[in-house]
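Given next are the chains, with one letter for each unit.
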Amino acid sequence: MLRALRRRVLTPNVRETLLETRGFHVKDADTKHQLETVGACFLQGYAYAVEARSAEQAVDWLETVPRAFRGFAYEGAGMGAVMLDSLTGGNRRLTGILEGEGRRHNYMIYVGIGWAMARLPRFLWPDVATTDPVLRWLILDGYGFHQAYFKTDSYVREPAAEHAFTWKGGPDAYSARVIDQGIGRAMWFVGGADPDVVADLIGTFPEHRRSDLYAGAGLACTYAGSVDEDELWRLAKHAGDHLPHLVQGSAFACEARERAGTTISHTHLAARVLCGGRTPAEASRVCVDARPATCDGGEVPAFETWRQHIATTISSVPHTQKGAVA
């Protein structure tokens, strides 16, 4: 009963993920259902993390979520675990999930940590110094997504200056760029997975921010889907000079799904269109092979060097279809 009460008190209401509640664009009924299912599975994973007796039980429950949406459940579990740990002290729930089956979903769990940090006072934030030094930047991606999803006017519709962020995870000078990557990922939901609407939203931002926004959109369109082949080509055309960043995000999504064993048919479609005809496994291999072995602690984080290498490698294969992308 206590655990059920904990779940009820801590878990956000699923109504908060409905497109109408958020005021997001609705492309069609099927896409609306897909995007809202993503939100529902995120909250299901959150609830599992806060209600389970142990991290092991939480993982057992998470593994019952349909494969196409399991990564979103682990993302929610990352948030839920941090929220629970903040109340009980320590990091047992988060560490337990990451050390179990959750290690295959570490990309998504790290994003979920950022969601929690957006909700918690700074003194309750987890110790990010204990996280993977390369992947920990995904935490700020999650933070940016949360802010754009729930504070859409100030982060998306009426973009202000870059959102500087001070934390212990790396050089603050780079933080605003990763937050923009999260904002770009959220734009896929704000724009209802309509590539024209998403591109219009990105187009309202200053030119120097658009590469990171397109990187986030590339990750979201590949991981969350809800588009057909023609729409993917339209998004690639909209990206223009930012295409290498769009495909880098797509490759990241392929790696996240391949690593977790949740690759679906849409992953194959997006990889073929955006990653130069590659399969998800081949795009994932580019990410794995390019990952830096060490972090030198310079002003350009290893995470950014990694992204640049992926973008260069993937973009070395021309993207052509119906003259869509030169």
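Residues numbered from 1 in each chain as written. Predicted model: local features only at pLDDT ≥ 70, side-chain atom pairs only at ≥ 80, totals over all residues. Heavy atoms only, no water.

Describing the overall build of the protein chain
- If you tally the helices and strands in the protein chain, you get 17 helices and zero strands.
- On C-alpha atoms alone, the protein chain measures out to a radius of gyration of 18 Å, which is about the 20 Å that the 2.2 N^0.38 rule sets for 326 residues.
- The buried share of the protein chain, taken over its 326 residues, is 58%.
- The positive charge centre, built from 35 side chains, and the negative charge centre, built from 38, are 6 Å apart in the protein chain. (Helix = DSSP H or I, 4+ residues; strand = E, 2+ residues; numbered from the N terminus. Rg over C-alpha atoms; globule rule 2.2 N^0.38 Å. Buried < 20%, exposed > 50% of the residue type's maximum accessible area, 1.4 Å probe, protein only. Lys, Arg positive; Asp, Glu negative; His and termini not counted. Charge placed at Lys NZ, Arg CZ, Asp CG, Glu CD.)

Focus: the side chain of T131
- Take T131: it is sitting in the loop between α7 (106–119) and α8 (138–150).
- A polar side-chain atom of T131 sits 2.5 Å from the main-chain carbonyl oxygen of V128.
- Residues contacting T131, with those up to four places away along its chain left out, are Y110, R136 and I139. (Polar contact = N/O pair within 3.5 Å; in protein donor to acceptor, adjacent residues only side chain to side chain. Contact = heavy atoms within 4.5 Å.)

Description of the packing of aromatic side chains
- According to the stated counting rule, one finds 20 aromatic pairs in the structure shown.
- Look at W137 and W167: their rings are 5.2 Å apart centre to centre, the planes differ by 65°, and that puts the pair in the edge-to-face class. Residue W137 is found in the loop between α7 and α8, and its partner W167 is found in the loop between α9 (152–157) and α10 (175–190); the two are separated by 30 residues along the sequence.
- A relative accessible area of 2% means that W137 is categorised as buried.
- Residue classification places W167 among the buried positions, given a relative accessible area of 7%.
- Where F303 meets W306, the ring centres are 6.3 Å apart and the plane angle is 70°; that geometry is what we call edge-to-face. With F303 and W306 both in helix α17 (residues 302–315) and three residues apart, the pair spans about one turn of that helix.
- The class for W306 is buried, based on a relative accessible area of 1%.
- Three or more aromatic residues joined by ring pairs form one cluster here, namely F24, F42, W115, F145, Y149, F150 and F189. (Phe/Tyr/Trp six-rings, centres within 6.5 Å; stacked < 30°, edge-to-face > 60°.)

Some thoughts on the state of the cysteines
- Applying the stated criterion to the full structure yields zero disulfides.
- Left unpaired, C41 is separated from the closest cysteine sulfur, that of C221, by 20 Å. (Disulfide = S-S within 2.5 Å.)

With respect to unusual backbone geometry
- A positive phi angle is found at A193, which is not glycine, with a value near 60°.
- Mapped onto the secondary structure, A193 falls in the loop between α10 and α11 (195–203).
- Here A193 falls in the buried class, since its relative accessible area comes to 0%.
- At S226, a residue that is not glycine, the phi angle is positive and equals roughly 75°.
- Here S226 is to be found in the loop between α12 (207–223) and α13 (229–239).

The values are spatial; any link to function lies outside them.
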